[in-house]
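# Structural description and commentary
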Amino acid sequence: MPACKRYRGELIGLVALAVVTATGAVSAAYLTHRDDLDDKDRARVADIVAPTTSFGAAEPFERMSAGAATANARPNNNAFSFPLGNLSFGGETDFKLGNGLFKKVWVSSPSSTQASDGLGPLFNARACQRCHLKDGRGRPPLDTNEAAVSMFLRLSVPPRTDAEREALASKAALRIPEPTYGGQLQNFAVQGIPAEGTMTIDYEDVPVTLNGGETIVLRKPTYGIADLGYGPIDPDVMLSPRVASPMIGVGLLEAIHPGDILARADPDDADGDGISGKASMVRDPETGELTLGRFGWKASTPTIRAQTADAFSGDIGISTPLVTPAFGECTTAQAICRDAPSGVQDRLGPVEAPDPILDLVTFYSRNVGVPPRRDIDDPQVLEGKALFYDFGCASCHAPKYVTSRDAPQPEHRFQLIWPYTDLLLHDMGEGLADGRPVGDASGSEWRTAPLWGIGLTETVSGHTFLLHDGRARNLLEAVLWHGGEAQPARDAVVAATPDERAALIRFLESL
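The written sequence of each chain sets the order in which its residues are numbered from 1. In view of the model being predicted, local features appear only for residues whose pLDDT reaches at least 70, and side-chain atom pairs are presented and counted only at 80 or more, with totals across whole chains, interfaces and linings using the full set of residues. Processing note: side-chain calculations cover all non-hydrogen atoms of the structure and skip hydrogens and water entirely.

We now examine the overall build of the chain. A run of DSSP states H or I qualifies as a helix once it reaches four residues; a run of E qualifies as a strand once it reaches two. Both are numbered from the N-terminal end. Each helix and strand in the chain was counted, giving 16 helices and twelve strands. Dimensions of the chain along its principal axes, counting C-alpha atoms only, are 65 × 60 × 45 Å. The buried label applies to any residue whose accessible area, calculated with a 1.4 Å probe on protein chains only, is under 20% of its type's maximum; exposed applies above 50%, and partly exposed to all values in between. Looking at the 511 residues of the chain, the share that counts as buried comes to 55%. Put simply, of all contacts in the chain between residues at least 6 apart along the chain, 69% involve residues at least 24 apart. In the form shown here, the chain has an accessible surface area of approximately 20800 Å², with 54% of it arising from carbon and sulfur atoms. Every residue pair with non-hydrogen atoms within 4.5 Å of one another is taken to be in contact. The accessible surface values rely on the Shrake-Rupley method and a 1.4 Å probe; as for residues, cover is taken only from the protein chains in view.

And the structure:
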């Protein structure tokens, strides 16, 4: 990393800390849980991440959503496709190589295109980019004639044997796959192999009347599977839809000190504020050790590398050093699938995407930049920000962190970032419940989604579908689906005046 960029990154972090040192009380927790900092910097970090109480102007450095790592991006349809703003020259080269592999279209085996074969046999997409188009957000199909590409169904069944219950208790497994169809429904297959089936969605209207007389009609989805390719599915199968999440800033989320996340956890609501976020603890597939889950809609994955390997296997059917079966998600009940040709080539090793490929795609994913905030001094945006705090939204969507000094990658270290998430699990009520437990997450618990970049969803992805299954068609609908721990915040939005709601949405659009 060039000295000028390293200096600039440290400078932004240190000046920002110095600006706010004089305000706010230092939490006792911050004096102990940041083992990457000395006592002086612990106090300074505690001050800067303390919730603001002043809404007359933007906070220092608020425009720089990712500190010195904020991407040099304009708010257009490519806004999510830039590298971190402080990435080194060599890092930018690896980023571009990883981006090429992220966009690579895989083909079925055997193929004359040996560098790209190995697709499937079952798959949801032929490239990472097909789900994360322009590194943005996935969506549900627009009608029954459109195949789902950036959305799929997770599958599991309740444990039925002592071995299965022990696997869940020890976290050797986080869920029990459906015996025939595995842990994910793949709606595509290579030639000569049946696809597993087709996701179906039926919507029911749910009207909500707001203060001021406006009625918003939410749509409540019910999911099913048609055209099953391998016989009946288990009658106790649990289905949970997932849309692809934006790629921006995930490396910086990985660089948040675990102590900062765990310090916010209050699983028994000891402070009585109605918010009982809890950590998702999972096993690292590379070390076997229990560690903090940060990624995925239920925080079930600990690292970006693990998330990348899982996506290669489950979504595309490509084996990697972390998930080695060349047949991807094919189960023992799908013999025709498991017996299909693979893309493994002896000269390249025992998997279809060996370490250079997995490493580069992981590097790319870690270093997709976050665009700058917009309109941070707009009076309506500032009013909406005050309401965001007043309604209690910031209790889970924690605005800011200073990343760890010990982060493995220099560009991620000691940056003031504004992701608006606590990365914890929260009970979101029956309205959003999928009824499908995963590890520490119950059927009604979800990880707090980061909000940075959410105002550019339509610009980048061409739609405004939000939440884990895209049921919300805009920001207001997404807020109105909040329940459980977020019910008071949701009710405050319902009771707000039309002008107050407009200001809140305007603030969210600025993120």
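Here the focus is the pairing of strand E6 (residues 238–243). The buried fraction of E6 is high, at six of six residues. Of the two faces of E6, the one lined by Met238, Ser240 and Arg242 and the one lined by Leu239, Pro241 and Val243 are each fully buried. DSSP bridges decide pairing: two strands pair if at least two such bridges lie between them. Relative to E6, strand E2 (residues 151–156) is paired through six bridges, and the arrangement is antiparallel. Paired with Ser156 across the strands is Met238, a residue of E6.

We place a 1 Å grid over just the protein atoms. Points where a 1.4 Å probe fits but has no way out form a cavity, open points with protein on both sides within 12 Å along at least 5 of 7 lines form a pocket, and any residue with an atom within 4 Å of a point lines it. Grid points are joined across faces, edges and corners, and a volume is the space filled by probe spheres set on the points. A full pass over the atoms with the stated rule returns two cavities of 30 Å³ or more. One number sums up the size of the largest cavity: a volume of about 40 Å³. If you go around the largest cavity, the residues you meet are Asn124, Ala148, Met151, Phe152, Leu153, Leu185, Asn187 and Met199. The greatest single-element share of the lining of the largest cavity, amounting to three residues, is contributed by E2. There is about 40 Å³ of room inside the second largest cavity. Lining the second largest cavity are Ser65, Pro371, Pro372, Arg373, Arg374, Trp452, Gly453, Leu456 and Leu511. Under the convention adopted here, Pro, Cys and the residues Ala, Val, Leu, Ile, Met, Phe, Trp and Tyr are nonpolar, Asp, Glu, Lys and Arg are charged, and Gly plus all remaining residues are polar. Classifying every residue of the lining of the second largest cavity gives five nonpolar, two polar and two charged.

For the purposes of this analysis, a disulfide is any pair of cysteine sulfur atoms at a distance within 2.5 Å. Applying the stated criterion to the full structure yields one disulfide. Cysteine Cys128 remains unbridged, with the sulfur of Cys131 as its closest cysteine sulfur at 8.1 Å. Taking relative accessible area as the criterion, Cys128 reaches 13% and is therefore assigned buried. The structure places no disulfide on Cys396, whose sulfur is separated from the nearest cysteine sulfur, that of Cys393, by 9.0 Å.

A few words now on helix H15 (residues 487–495). Taken as a whole, H15 has its buried residues at Ala489, Arg490, Val493 and Val494. Summarising the axial view, the buried residues of H15 lie within an arc of 145°, below the 170-degree limit, and thus occupy one face. Seen from the buried face of H15, the exposed residues on the opposite side, beyond 90 degrees, are Pro488 and Ala495. Lining the buried residues of H15 we find strand E4 (198–209), helix H14 (475–480) and helix H16 (498–510). The arc refers to the directions leading from the helix axis to the C-beta atoms.

A few words now on the side chain of Thr308. Tracing the chain through its elements places Thr308 in helix H9 (residues 304–316). A relative accessible area of 9% means that Thr308 is categorised as buried. Beyond its immediate chain neighbours, meaning those up to four positions away, Thr308 contacts Leu358, Val361, Thr362 and Ser365.

Definition used for salt bridges: Asp or Glu carboxyl oxygen within 4 Å of a side-chain nitrogen of Lys or Arg. One pass over the full model with this rule turns up 26 salt bridges. With a shortest N-O distance of 2.8 Å, Arg34 and Asp36 are connected by a salt bridge. Considered together, Arg34 and Asp36 belong to a single accessibility category, that of buried residues. Across the pair Asp359 and Arg305 runs a salt bridge, and its minimum N-O distance is 2.5 Å. One end of the pair, Asp359, is in helix H11 (residues 355–366); the other, Arg305, is in helix H9, and 54 residues separate them in sequence. Taken together, the shared-partner salt bridges in this structure form one network comprising Glu59, Glu62, Arg373, Lys385 and Lys400.

The next thing to look at is the side chain of Asp260. For Asp260, the location among the structural elements is in helix H8 (residues 258–262). The definition of a polar contact used here is a pair of N or O atoms within 3.5 Å, where within protein one atom must be able to donate a hydrogen and the other to accept one, and adjacent residues in sequence count solely through side-chain atom pairs. A polar contact is formed between the side chain of Asp260 and the side chain of His33, at a distance of 2.6 Å. One polar contact links Asp260 to Arg34, side chain to side chain, over a distance of 2.8 Å.

This paragraph deals with helix H3 (residues 39–49). H3 sits mainly inside the fold: eight of its eleven residues count as buried. Among the residues of H3, Asp41, Arg42, Arg44, Val45, Ala46, Asp47, Ile48 and Val49 are the ones counted as buried.

What follows deals with the confidence of the model for the chain. Across the chain, each position has a pLDDT score giving the predictor's confidence in that residue, from 0 to 100. Put simply, the chain has an average pLDDT of 93, and 94% of its residues get 70 or more. Taken as a whole, residues 1–26 scores under 50 in pLDDT and shows 48 contacts with residues more than four places along the chain or in a different chain.

Lines are fitted to the C-alpha atoms to define the axes, a helix being fitted only along its stretch in contact, and any angle between axes, read from their N-to-C directions, falls within 0 to 180 degrees. In the contact formed by helix H12 (residues 379–390) and H16, the axes pass within 7 Å of each other and the chain directions differ by 100°. Considering their axes alone, H12 and H16 lie roughly perpendicular with respect to each other. Where H12 abuts H16, its residues Gln380, Val381, Glu383, Gly384, Lys385, Leu387 and Phe388 lie against Glu500, Ala502, Ala503, Leu504, Arg506, Phe507, Leu508 and Ser510. Partitioning the contact of H12 with H16 into residue classes produces eight nonpolar, three polar and four charged. Orientation categories follow fixed angle ranges, with anything under 35 degrees roughly parallel, anything over 145 roughly antiparallel, 65 to 115 roughly perpendicular, and all other angles oblique.

The bulk of non-glycine residues show a negative phi, and the bulk of peptide bonds are trans. The amide bond that connects Ser109 to the next residue, Pro110, takes the cis arrangement and shows omega of -5°. With respect to the secondary-structure elements, Pro110 resides in the loop between helix H4 (89–103) and strand E1 (122–123). Cis rather than trans, the peptide bond between Gly120 and Pro121 has omega equal to 10°. Structurally, Pro121 is set in the loop between H4 and E1. If you check the backbone angles, Asp375 has positive phi at about 55° while not being a glycine. Examined against the element boundaries, Asp375 turns out to sit in the loop between H11 and H12. Positive phi values are uncommon outside glycine, yet Phe414 reaches one of about 55°. Looking at the element boundaries, Phe414 is found in the loop between strand E9 (401–402) and strand E10 (416–417). Accessibility expressed as a relative area gives 0% for Phe414, which makes it buried.

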